[in-house]
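A closer look at the structure
Next come the chains, spelled out residue by residue.
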Amino acid sequence: MKLSVSQLKYMLVLGKFSGDRAIRTAEVAKRLNIQRSSAFNMLNRLSEAGMIVKNEDKTVSLTDKGERTAGGLMSKYNDITSKLEKYFGLSPEDSGDCALMILSCTEDIL
């Protein structure tokens, strides 16, 4: 499945901060430094893609598919960022941005 850079960012946040618990839309928005309405819209798209389930208490949880995707994505993201920092001397922020662009260009992230 090909994900956009924005979707990749959301999946990284959800994978990193949700763990075994549900996460509120407002918390996702805060972590990404965006408006809650933007987070709400993207989370709807991720729900339609089967990555998350929206709960009645205004939280979201990763589905099994979402957990596999987030786990694989986080592993590849961490690998790419560490190599960019080590071999190219990029800052953590710059290596993170580059890693997202690289991952968004792949046909299938898993």
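Coordinates for the structure precede this section.
I will try to describe carefully the structure that is included in this document. Just so it is clear, the model here is predicted, and its values are computed rather than measured.

1. Digging into the overall build of the chain
Across its full length, the chain holds 5 helices and 3 strands. Its helices and strands taken in sequence order, the chain reads α-β-α-α-β-β-α-α from the N to the C terminus. Overall size of the chain, expressed as C-alpha extent along the three principal axes, is 45 × 25 × 25 Å. Counting across all 110 residues of the chain, residues that qualify as buried make up 36%. A sequence separation of at least 24 residues applies to 53% of the contacts in the chain between residues at least 6 apart. Counting only carbon and sulfur atoms, one obtains 50% of the accessible surface of the chain, whose full area is about 6,600 Å². In the chain, the 16 positive side-chain charges and the 14 negative ones have mean positions that sit 3 Å from each other.

2. Re helix α1 (residues 5-18)
Helix length check: α1, at 14 residues, gives a terminal C-alpha distance of 19 Å against a target of 20 Å (1.5 Å per residue), a fit within 8%. All of the buried residues along α1 are Gln7, Leu8, Tyr10, Met11, Leu12, Val13, Leu14 and Ser18. Backbone geometry just downstream of α1 places Gly19 in the positive-phi region, at approximately 55°.

3. Quick notes on the side chain of Thr81
Assignment of secondary structure puts Thr81 in helix α4 (residues 64-88). Judged by its relative accessible area of 9%, Thr81 is buried.

4. Remarks on the packing of aromatic side chains
What the rule picks out here adds up to 0 aromatic pairs. Here the guanidinium or amino end of Arg31 rests over the ring plane of Phe17, the centre of that ring lying 3.9 Å away.

5. As for the sheet that holds strand β2 (residues 52-54)
Across the sheet, which stays open at both edges, the 3 strands sit in the order β1-β3-β2 with antiparallel pairing between neighbours. Two strands in the sheet have a free side with no partner beyond their single neighbour: β1 (23-24) and β2. Sheet strands in contact with helix α3 (residues 36-48) are β2 and β3 (59-62), and its direction is about 120° off that of β2.

6. Details of the pattern of salt bridges
Here the structure, examined in full by the defined rule, presents 3 salt bridges. The shortest N-O distance in the salt bridge between Glu27 and Arg21 comes to 3.2 Å. Here Glu27 falls in the partly exposed class, since its relative accessible area comes to 21%. Assessed through its relative accessible area of 42%, Arg21 is described here as partly exposed.

Cut-offs used in this document
Every chain is numbered independently, its residues counted from 1 as its sequence is written. Whole-chain, interface and lining totals are the exception, using all residues; otherwise, since this is a predicted model, local features are given only for residues with pLDDT of at least 70 and side-chain atom pairs are given and counted only at 80 or more. Values reported for side chains reflect all heavy atoms of the structure, with hydrogen atoms and water molecules removed beforehand. A run of DSSP states H or I qualifies as a helix once it reaches four residues; a run of E qualifies as a strand once it reaches two. Both are numbered from the N-terminal end. For each residue, the accessible area found with a 1.4 Å probe, counting protein chains only, is set against the maximum for its type, and the residue is called buried under 20%, exposed over 50%, and partly exposed in between. Whether two residues are in contact is decided by their heavy atoms: any pair within 4.5 Å suffices. For every accessible area listed, the method is Shrake-Rupley and the probe measures 1.4 Å; residues are considered covered only by the protein chains on display. A positive count includes Lys and Arg, and a negative count includes Asp and Glu. His and the chain ends are not counted in either. Note on charges: their place is set at NZ of Lys, CZ of Arg, CG of Asp or CD of Glu. How far a helix is expected to stretch is found by multiplying one less than its residue total by 1.5 Å. In this analysis, rings of Phe, Tyr and Trp, with Trp reduced to its six-membered ring, are considered paired at centre separations within 6.5 Å, and the interplanar angle assigns stacked below 30 degrees, edge-to-face beyond 60, and tilted for intermediate values. Definition used: whenever NZ (Lys) or CZ (Arg) falls within 6 Å of the ring centre and also within 35 degrees of the ring normal, the charge is taken to sit over that ring. A strand pair is defined by DSSP finding two or more bridges across the two strands. Axis definition: a line fitted to C-alpha atoms, over the contacting stretch in the case of helices. Angles run 0 to 180 degrees between N-to-C directions. Within this document, salt bridges are pairs made up of a side-chain nitrogen of Lys or Arg and a carboxyl oxygen of Asp or Glu, the two lying within 4 Å of each other.

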